[in-house]
Amino acid sequence: MVVNLCLSGKSTSEAASDMDLDRRMVYRWVREQTQAKENSFKGNGNPVRTAEQEEVTELKAELRKTQIEQDILKKAVSIFSKSDSTNINL
């Protein structure tokens, strides 16, 4: 209802204050309706994502995991390199 008011020409701030809603939430609703059209407001306050957006999210998580693994391996190499140099001087 408030989204329809905003899309019909009423300012978002004005519509939010008329309905006693947070202005930022109304902006979010209008943005979601504008971007996702019929897929908007599908559930539980979570924005609806396209397949591409889901893939990007998964790839970012995989990249983060890989970076953590790489950091661990770098530390392990550093530790083993130090212990190898002390064993050579026996």
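Residues numbered from 1 in each chain as written. Predicted model: local features only at pLDDT ≥ 70, side-chain atom pairs only at ≥ 80, totals over all residues. Heavy atoms only, no water.

So, the overall build of the chain
Selection rule: A helix here means a DSSP run of H or I that spans at least four residues, while a strand means a run of E at least two residues long, and both kinds are numbered starting from the N terminus. Here, two residues are considered to be in contact whenever any of their heavy atoms come within 4.5 Å of each other. Note on areas: these come from Shrake-Rupley sampling with a 1.4 Å probe, and a residue is covered only by the protein chains present in the view.
Counting secondary structure elements, the chain contains four helices and zero strands. Reading the chain from its N terminus to its C terminus gives the helix and strand order α-α-α-α. Within the chain, counting contacts between residues at least 6 apart in sequence, those at least 24 apart form 21% of the total. Entry remark: accessible area of the chain is about 7,600 Å², with carbon and sulfur atoms responsible for 54%.

A few points about a nonpolar patch on the surface
Here is the rule: The patches reported here contain residues having more than 30% relative accessible area and no salt bridge. Joining distances are 9 Å for like charges and 5 Å for nonpolar side chains (Val, Leu, Ile, Met, Phe, Trp, Tyr). Should a side-chain nitrogen of Lys or Arg be within 4 Å of a carboxyl oxygen of Asp or Glu, the pair is scored as a salt bridge. The rule is simple: take the accessible area with a 1.4 Å probe, protein chains only, and divide by the maximum for that residue type; under 20% is buried, over 50% is exposed, in between is partly exposed.
There is a patch of nonpolar side chains on the surface, built from Met1, Met19 and Leu21 and spanning about 300 Å² of accessible area. Along the polypeptide, Met19 turns up in the loop between α2 (12-18) and α3 (23-36). Met19 gets classed as partly exposed once you look at its relative accessible area, which sits at 32%.

Points about the confidence of the model for the chain
To keep things clear, this is the line we draw: Scored from 0 to 100, pLDDT records how confident the predictor is in each individual residue.
Per-residue confidence for the chain gives a mean pLDDT of 81, with 78% of residues at or over 70. Helix α4 (residues 51-88) holds the highest mean pLDDT among the elements of the chain, 89, whereas helix α1 (residues 2-7) holds the lowest, 76.

A few points about a negative patch on the surface
What counts is decided by this rule: Residues scored as positive are Lys and Arg, those scored as negative are Asp and Glu, and His as well as the terminal groups of each chain are ignored. To locate a charge, take atom NZ for lysine, CZ for arginine, CG for aspartate or CD for glutamate.
A cluster of acidic residues, Glu52, Glu54, Glu55, Glu58 and Glu62, forms a negative patch at the surface. Relative to the assigned elements, Glu54 resides in helix α4. On the accessibility criterion, Glu54 (34% relative accessible area) is partly exposed.

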